[in-house]
Amino acid sequence: MTTSAPISRIGDSDQAREALSRAVQTLDNVILGKRDEIKLALTCLLAGGHLLIEDVPGVGKTTLARALAQVLGLQFARVQFTSDLLPADVTGISVYDKPSGEFRFIRGPVFTEMLLADEINRATPKAQSALLEAMQERQVTVEGEPHALPEPFFVVATQNPQDQIGTFALPESQLDRFLMRIRLGYPDAVSERQLLTGAHQSQRPEDVEAELSASGILALRALVASVKMADPVLNYLQALVEFTRTSPLYALGLSPRASIALADAARAYALIEGRLAVYPEDLKNIFVAIASHRLTPGDEHRGSNGESLAEAALNAVAIP
């Protein structure tokens, strides 16, 4: 566990690399054996997006979200999405203040730097839609009056598999608000053995010390924008996107918004890897997380899941 103060400003790439490396290592001590997923979660944040974690209960989705908030030094709020949740329970409500004779806006839990929308697909579509404006425009409008959200604003939503009882599928418009969708999966045999025997003393999320801060994250985002993407790598990105638009595997390919998401996330991932230039491998490492929830199978490939559709594009398009 680190004893240094959280970084609030990032002066150069070496300092950024050190801060991000410590953050990854700290999170790796909380969620054993999920280093790749941890890097993707941090990539999503640095790229300015939101994260959807879909998996069965009990694999560490909520634990990862709470540990992220701790290590990033962000204000944190959690909303448990249930079938009786109302939009106002998320965004807030205007109430009449009798002494002043005016309405006063009481802010909901969405007014935080990191929001955990736990089991988002157990709420009705009406309640789910409460996050649409917040995720896209970083504001909430109540009774015609806009209210700005903090910066950074990062939503981590967890979702149960669609075949479980009491779930409501997220509409395409909601899914598209998430830059990435990841799955944690079961731990590997070595990690699970460490958990069972106590051979590795993993940290609890609440015991994690901050390695960054809100201002440090904003500085890292500015540094991400300076990461270079050479023409051959950009050609590879466009080739992947074009394949999804022209192959009969897909009824609906990747949009220009998805292309921009790929470029932004590739730059963020390269920075986490300690580089100021994007490699083709960076695109490969992030592609499934960005594309899987945006691809729709063609008529002859009904039943194919998003991950297999994204992997098909990676297998079909050659690396330059």
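Residues numbered from 1 in each chain as written. Predicted model: local features only at pLDDT ≥ 70, side-chain atom pairs only at ≥ 80, totals over all residues. Heavy atoms only, no water.

A. Seen up close, the overall build of the protein. Across its full length, the protein holds 13 helices and 11 strands. Counting across all 320 residues of the protein, residues that qualify as buried make up 51%. Element-wise, carbon and sulfur atoms account for 51% of the exposed surface of the protein, whose accessible area totals about 14,700 Å². The averaged location of the 39 negative side-chain charges in the protein is 1 Å from the averaged location of its 29 positive side-chain charges. (Helix = DSSP H or I, 4+ residues; strand = E, 2+ residues; numbered from the N terminus. Buried < 20%, exposed > 50% of the residue type's maximum accessible area, 1.4 Å probe, protein only. Areas by Shrake-Rupley, 256 points an atom, 1.4 Å probe, with all protein chains shown as cover. Lys, Arg positive; Asp, Glu negative; His and termini not counted. Charge placed at Lys NZ, Arg CZ, Asp CG, Glu CD.)

B. Highlighting the nonpolar core. Leu-42, Leu-51, Leu-72, Met-180, Leu-262, Ile-286 and Phe-287 are the most contacted members of the largest nonpolar core, which totals 77 residues. It is helix α11 (residues 256-272) that provides the largest number of residues to this core, a total of 11 residues. Residue contacts for Leu-42: discarding those within four places in its chain leaves Ala-23, Val-24, Leu-27, Leu-68, Leu-72 and Ile-272. Residues Leu-52, Val-90, Val-142 and Phe-153 belong to the second largest nonpolar core, which totals 27 residues. (Core = buried A, V, L, I, M, F, W, Y, C linked by side-chain atoms within 4.5 Å. Contact = heavy atoms within 4.5 Å.)

C. Spatial organisation of the packing of helix α2 (residues 35-46) against α11. Interaxial distance between α2 and α11 falls to 8 Å at its minimum, and their mutual angle equals 125°. Looking at the two axes, α2 sits oblique to α11. Crossing of α2 against α11: the hand is right-handed. Contacts between α2 and α11 involve Lys-39, Leu-40, Leu-42, Thr-43 and Leu-46 from the former and Ala-265, Ala-268, Tyr-269 and Ile-272 from the latter. (Axes fitted to C-alpha atoms, helices over the stretch in contact; angles between N-to-C directions. Parallel < 35°, antiparallel > 145°, perpendicular 65-115°, else oblique. Left-handed = near helix turned anticlockwise from the far one by under 90°.)

D. Looking closely at the sheet that holds strand β2 (residues 76-80). Here 5 strands make up an open sheet; going across it, the order is β2-β5-β8-β1-β9 and the pairing parallel. The strands lining the two open edges of the sheet, one partner per strand, are β2 and β9 (180-182). In this sheet, neighbouring strand axes are inclined to one another by 20° on average, regardless of whether the strands run parallel or antiparallel. Alignment of strand β1 (residues 51-54) against β9, held across 3 bridges, turns out to be parallel. Looking at the pairing, Leu-51 lines up with Met-180 of β9. Across the sheet, α2 touches β1, β8 (154-159) and β9, and the angle it forms with β9 is around 165°. (Pairing = 2+ DSSP bridges.)

E. Summary view of the pattern of salt bridges. Enumeration over the complete set of coordinates arrives at 14 salt bridges. In this structure, Asp-28 engages Arg-35 in a salt bridge whose closest nitrogen and oxygen atoms are separated by 3.0 Å. Taking the relative accessible area as the measure of exposure, Arg-35 reaches 31% and is therefore partly exposed. Between Glu-151 and Arg-221 there is a salt bridge whose closest N-O contact spans 3.8 Å. Placement of the pair is Glu-151 in the loop between β7 (145-148) and β8 and Arg-221 in helix α9 (residues 214-224), with a sequence separation of 70 residues. The exposure class of Glu-151 is partly exposed, given its relative accessible area of 42%. Taking the relative accessible area as the measure of exposure, Arg-221 reaches 16% and is therefore buried. By sharing partners, the salt bridges in this structure join Glu-54, Arg-181, Arg-183 and Glu-307 into a single network. (Salt bridge = Lys/Arg side-chain N within 4 Å of Asp/Glu carboxyl O.)

F. Main features of helix α3 (residues 61-72). For α3, which comprises 12 residues, the first-to-last C-alpha distance of 17 Å matches the rise-based estimate of 16 Å (1.5 Å per residue) to within 8%. Here α3 has its buried residues at Lys-61, Leu-64, Ala-65, Ala-67, Leu-68, Ala-69, Val-71 and Leu-72. Positioned one or two residues after α3, Gly-73 has a phi angle of 70°, which is positive. (Expected span 1.5 Å × (residues − 1).)

G. Geometry of the pairing of β7. Pairing analysis gives 4 bridges linking strand β6 (residues 139-142) to β7, with the strands arranged antiparallel. Bridging from a neighbouring strand, Val-140 pairs with His-147 of β7.

H. Inspection of the packing of aromatic side chains at higher detail. By the definition in use, this model includes 2 aromatic pairs. A ring pair is formed by Phe-243 and Tyr-250, whose centres lie 6.0 Å apart and whose planes are at 80°; its orientation type is edge-to-face. Directly above the ring of Tyr-279 sits Arg-275, whose terminal nitrogen or CZ lies 4.0 Å from the centroid. (Phe/Tyr/Trp six-rings, centres within 6.5 Å; stacked < 30°, edge-to-face > 60°. Lys NZ or Arg CZ within 6 Å of the ring centre and 35° of its normal.)

I. Examining the side chain of Asp-28 more closely. Within the fold, Asp-28 resides in helix α1 (residues 13-28). The residues contacting Asp-28, other than those within four sequence positions of it, are Gly-33, Lys-34, Arg-35 and Ile-38.

J. A look at the environment of Leu-314. Within the secondary structure layout, Leu-314 lies in helix α13 (residues 306-316). Here Leu-314 falls in the buried class, since its relative accessible area comes to 10%. Separated by 41 residues in the primary sequence, Leu-314 and Glu-273 place their C-alpha atoms 21 Å from one another. Among residues more than four places away in sequence, those in contact with Leu-314 are Tyr-236, Leu-240, Lys-284, Phe-287 and Val-288.

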